[in-house]
Each structure stands twice: as structure tokens, then as C-alpha cells.
Amino acid sequence: MSEEHFIVIGNGPAGHHAAVTLRLEAPGARITLISKEPHGCYRPHLLPKWLSGHIKEESLYVCPVEEYKTMAIKLRSGQKVVSLNPGQRELVLDHKEVLRFSGLILAVGGKPRIPEPLLIFKDFLFTLKTLEDARVWKEEVAQIDSVLMMGGDLTSLAVTKALLSLGKKVIFMVNEEAFWPLRWSLSLFEEMAQRLRQKGVEVLADQRLKGITRKGERDFEVQVGRQTVRVGMIGAFFGLAPDVRFLAGSGLRLDRGILVDEYLNTGFKGVYATGDCAQIYHPALHDYWVSIGHDNAVELGRTAALNLVGNTVKAEAAGKCIYEIQGIKVNTSWWTEF
């Protein structure tokens, strides 16, 4: 019998914990962890605290690169999967290498979502998803006095808190896109706006971005509705879109993300998807939901690994934690104290 080879694509919270669980549950298997990023797993939800200087960079890391050798997990960092053939159980890396697997977990996460009307301003907008993004923020923030925040996802509130602790002026633009993946509601907006204002944040309610003019290297004139604001930086925080474009033509069922059953199986034997990139079927709802947040990602990563090695663990979601936005049901730990 040939050696089992399990591959995990993605080294965020879901992918990392999937790989570690596989090692514990299948001690004799070969495990490969593929990551586009050049370092070990870190806690992305702590990036705002690093940005503000409240924690050191080493505190971000869950597992330094050298520890993967100790666990007998082969980390292939700085590499990208460009295509997948789940039927043939093989994938192709960007340098044309073909890897075969007996089991696969897709934990590719998401990338910052920019609403279509704002794409024309994309070059002026700063997002925060990766450690590399955070390094850019840290460099820029040190040289400016004010930031316009657009959106309203979990990360935006943490970044706002970090900016205020650094003594920066923060202006927050809120409209119906702000709480994605949650649906807009007046009560949610009023609660958020009240807390922001109590901290000294200027809130621009239900406004549209009309234009951005660069006045200098770190000087932007932004037309918001009928008013104009002058800031040194513009942050865009509209949630994450699953990073699944490379799976087109793979045979996997794709919608917003990868469609999976309540056990996180994609419909192909031995192929699972987990974390931000998965849309999970909920039998009670007769519909799919997606999960947002670090703790949810960790649990879903473990669940995918357990099922890959032969268990039957359901991905659980409490009904009261599931929301619907644009036809997509979402499980999210909304929202932390600001």
C-alpha cells in the first residue's frame, strides 16, 4: 500500500490547524502545506495590535517556519497553486510542478473585497489582510496625521482602535456596504456610529464616494457626498472575497466560494474545503452559509482534517449566528467591543 500524501493549500488559521490535526491523527502520512506567503502561520486578527505597537511581531506567529520540520510537515512557502484536477488527485504549482495527493484540504482564505463602484479608485485604497499589508500600513501611518476609513467589517474597527491609540484623526464613512457580510440595518449603524463618536471618530453616514484627488505623496482630497475631506491615507474594509479563481474548470462547485456539504466535503472523495473560502451546507436551513473570523476558521480547519482521515464531524453553526446578505448566509462572531 502506497504512503498517504495529504496536501493542505493555505497556511492561515484554518490551513495551519488542519495540517497540525492531520499530523496528530495520521502520524504515518506524508503532509505538505503549501502557502503563498514566505513565512509560517500567524494570527491575522492581531495585525492591528502590531500596527499600533501593542505587541511585537514575534507575538503574531502561531508556528515559526522551523517548527514545521519538528512536526514532519513539509512547508512549501512562497508557492502558488494555479490549477487543480480533483478527479486525478493532482495539482499544478506556478512553476509547472505537478503534485499528487491522496487527500486535499483547500484553505485558501480570501482576499480584500472592493465593491465594484470603488474599483476605479483601487490604486488609492489601502487594505489590510496580510503581514505584508500591515508593514505597508505601519510605514505609511508613521508619516500621516489622518485616515479615512471606508467599510465596517471586523478588521476596520480594530484598525480604527489602533489608529486612535497612535493619536491619528480618523474619519469613518458608512453606507449600506459597510457591514458586509452582514446586512445593513439602522440599529446596527446607530450602535456602531455611537461607539465611534464616543471615541472621537468623525462619522460620515450614508454617503457615497464621489472622487479622490491626490494632492501629494500622502495627501488626498476625497469628495464624500456633498463634502470634501483631506486625509493622508484611505483604508478600504469591505470584508473578504474567497480566493478561488484558480479553481475555475476544476469541476468543483463554486458560488461565492467552494460549495461543500456539512462535513466540508467538496463532492470529490478526499477533497475538502474549509475556512473563509468554503460555503457550507446547513441541513436545517436547506441552504449554504459562510464562516468569518479567526476562531471559526480554526475549528473548521480541525473539522476538515478529522473528516479527511475518516471521521464524520459536522461543521456546526448556531442558527442565531447566521445572517444573510445578498443571498449568502453568514456565520460570524459580530462584533467585538470597540
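As the structure is a prediction and not an experimental result, all values here were calculated from the model.

So what exactly am I meant to see when it comes to the overall build of the protein here?
Along its length, the protein carries seven helices and 24 strands. Put simply, the protein has 338 residues, and 52% of those count as buried. Taking contacts inside the protein between residues at least 6 apart in sequence as the whole, the part at least 24 apart equals 62%. Looking at the protein as shown, the accessible area adds up to about 15700 Å², and 48% of this sits on carbon and sulfur atoms.

Even after reading the chapter, I still don't get helix 7 (residues 294-308), so can you show me in this structure?
One turn of the α-helix equals 3.6 residues, which is why residues spaced by three or four share an orientation. Taking 1.5 Å of rise per residue, 15 residues should cover 21 Å, and helix 7 covers 21 Å from first to last C-alpha, within 8% of that figure. All of the buried residues along helix 7 are Asn 296, Ala 297, Val 298, Leu 300, Gly 301, Thr 303, Ala 304, Ala 305, Asn 307 and Leu 308. Count one or two residues on from helix 7 and you reach Gly 310, which has phi positive near 115°.

Which parts of the structure should I look at to understand the packing of aromatic side chains?
Summed over all chains, the structure comprises five aromatic pairs. Site record: aromatic cluster; members linked through ring pairs are Phe 126, Trp 137 and Phe 237. For Lys 138, the ring lying beneath its charged end belongs to Trp 50, and the centroid distance is 4.1 Å.

What's the story with the nonpolar core in this structure? I'm lost.
Soluble globular proteins tend to pack their nonpolar side chains together in the buried interior. One finds Leu 91, Leu 104, Ile 105, Leu 106 and Ile 258 to be the most contacted residues of the largest nonpolar core, which totals 46 residues. For Leu 104, the residues in contact, after removing those within four places along its chain, are Ile 7, Ile 9, Leu 84, Leu 91, Gly 270, Val 271, Tyr 272 and Leu 308. By size, the runner-up hydrophobic cluster in this structure holds 29 residues, among which are Ala 134, Val 147, Val 201 and Met 233.

Would you mind showing me how to read the state of the cysteines here?
Covalently bonding the sulfur atom of one cysteine to the sulfur atom of another cysteine gives a disulfide. Scanning the entire structure with this criterion turns up zero disulfides. Left without a disulfide partner, Cys 41 is nearest to the cysteine sulfur of Cys 63, which lies 7.4 Å away. The class of Cys 63 is buried, set by a relative accessible area of 2%.

Just checking my understanding: could you explain the sheet that holds strand 15 (residues 219-224) for this structure?
Spatial strand order, 14-15-16: three strands in an open sheet with antiparallel pairing. Single-partner strands in this sheet number two, and they are strand 14 (209-216) and strand 16 (227-231). With strand direction ignored, the average angle separating the axes of adjacent strands in the sheet is 20°. Here strand 15 pairs with strand 16 via five bridges, running antiparallel. Across the sheet, Gln 223 pairs through a bridge with Thr 228, a residue of strand 16.

Just checking my understanding: could you explain the packing of helix 1 (residues 13-25) against helix 7 for this structure?
Working note: a packed helix pair is described by the angle between its axes plus the distance between those axes. Contact pair helix 1 / helix 7: the axes reach a minimum separation of 7 Å and the direction vectors enclose 35°. Both helix 1 and helix 7 take part in a crossing whose hand is right-handed. Residue-level contacts link Pro 13, Ala 14, His 17, Ala 18, Thr 21, Leu 22 and Glu 25 of helix 1 to His 294, Ala 297, Val 298, Gly 301, Arg 302, Ala 305, Leu 306 and Leu 308 of helix 7. Residues belonging to the contact of helix 1 with helix 7 are distributed by class as follows: nine nonpolar, four polar and two charged.

Please clarify how helix 1 should be interpreted in this entry.
Helix length check: helix 1, at 13 residues, gives a terminal C-alpha distance of 18 Å against a target of 18 Å (1.5 Å per residue), a fit within 8%. Within helix 1, 10 of the 13 residues are buried, leaving the element largely enclosed by the surrounding structure. All buried positions along helix 1 are accounted for by Pro 13, Ala 14, Gly 15, His 16, His 17, Ala 18, Ala 19, Thr 21, Leu 22 and Arg 23.

Looking at this structure, I do not really get the pattern of salt bridges. What am I missing?
When the charged atoms of two side chains with opposite charge come close together, those side chains can pair. Applying the stated criterion to the full structure yields 10 salt bridges. Among the ionic pairs, Arg 135 bridges to Glu 57, the shortest N-O distance being 2.6 Å. Here the residue Arg 135 occupies a position in helix 4 (residues 131-141), and Glu 57 occupies one in the loop between helix 2 (47-51) and strand 4 (61-63), the gap between them amounting to 78 residues. Classification of Arg 135 as partly exposed rests on a relative accessible area of 35%. Its relative accessible area of 23% is what places Glu 57 among the partly exposed residues. Between Glu 217 and Arg 218 there is a salt bridge, with the nearest N and O atoms lying 3.5 Å from each other. What makes Glu 217 exposed here is its relative accessible area of 62%. For Arg 218, a relative accessible area of 21% corresponds to the partly exposed category. Residues joined by salt bridges that share partners form a network here, namely Glu 57, Glu 132 and Arg 135.

Thresholds, definitions, all that
Residue indices follow the written sequence of each chain, beginning from 1 at its first position. Per-residue local features are limited, in this predicted model, to residues with pLDDT of at least 70; the limit for side-chain atom pairs, both in listing and counting, is 80 or more; totals at the level of whole chains, interfaces and linings are taken over all residues. Side-chain metrics in this entry use all non-hydrogen atoms of the structure; hydrogen atoms and water are not considered. The helix and strand labels rest on DSSP assignments: H or I over at least four residues marks a helix, E over at least two residues marks a strand, and numbering proceeds from the N terminus. Buried means the residue's accessible area, taken with a 1.4 Å probe over protein chains only, is under 20% of the maximum for its type, while exposed means over 50%, and partly exposed covers the values in between. Whether two residues are in contact is decided by their heavy atoms: any pair within 4.5 Å suffices. Residue exposure ignores everything except the shown protein chains as possible cover, and the areas themselves are Shrake-Rupley values with a 1.4 Å probe. Multiplying 1.5 Å by the helix residue count minus one yields the expected span of that helix. Pairing of aromatic rings covers Phe, Tyr and Trp, the last counted by its six-membered ring, and requires centre-to-centre distances within 6.5 Å; plane angles under 30 degrees mean stacked, over 60 mean edge-to-face, and any other angle means tilted. Any Lys NZ or Arg CZ found within 6 Å of a ring centre and within 35 degrees of that ring's normal is scored as a charge over the ring. Working definition of a nonpolar core: buried Ala, Val, Leu, Ile, Met, Phe, Trp, Tyr and Cys residues. They are joined through side-chain atoms within 4.5 Å. Criterion for a disulfide: a pair of cysteine sulfur atoms at a distance within 2.5 Å. In short, DSSP must find at least two bridges between two strands for them to pair. Orientation is described by axes fitted as lines to C-alpha atoms, over the contacting stretch for helices, and by angles from 0 to 180 degrees between their N-to-C directions. Take the far helix as the reference: if the near one is turned anticlockwise from it by less than a right angle, the crossing is left-handed, and if turned clockwise, right-handed. Charged means Asp, Glu, Lys or Arg here, nonpolar means Ala, Val, Leu, Ile, Met, Phe, Trp, Tyr, Cys or Pro, and polar covers whatever is left, Gly included. Put simply, a salt bridge is a Lys or Arg side-chain nitrogen that is within 4 Å of an Asp or Glu carboxyl oxygen.

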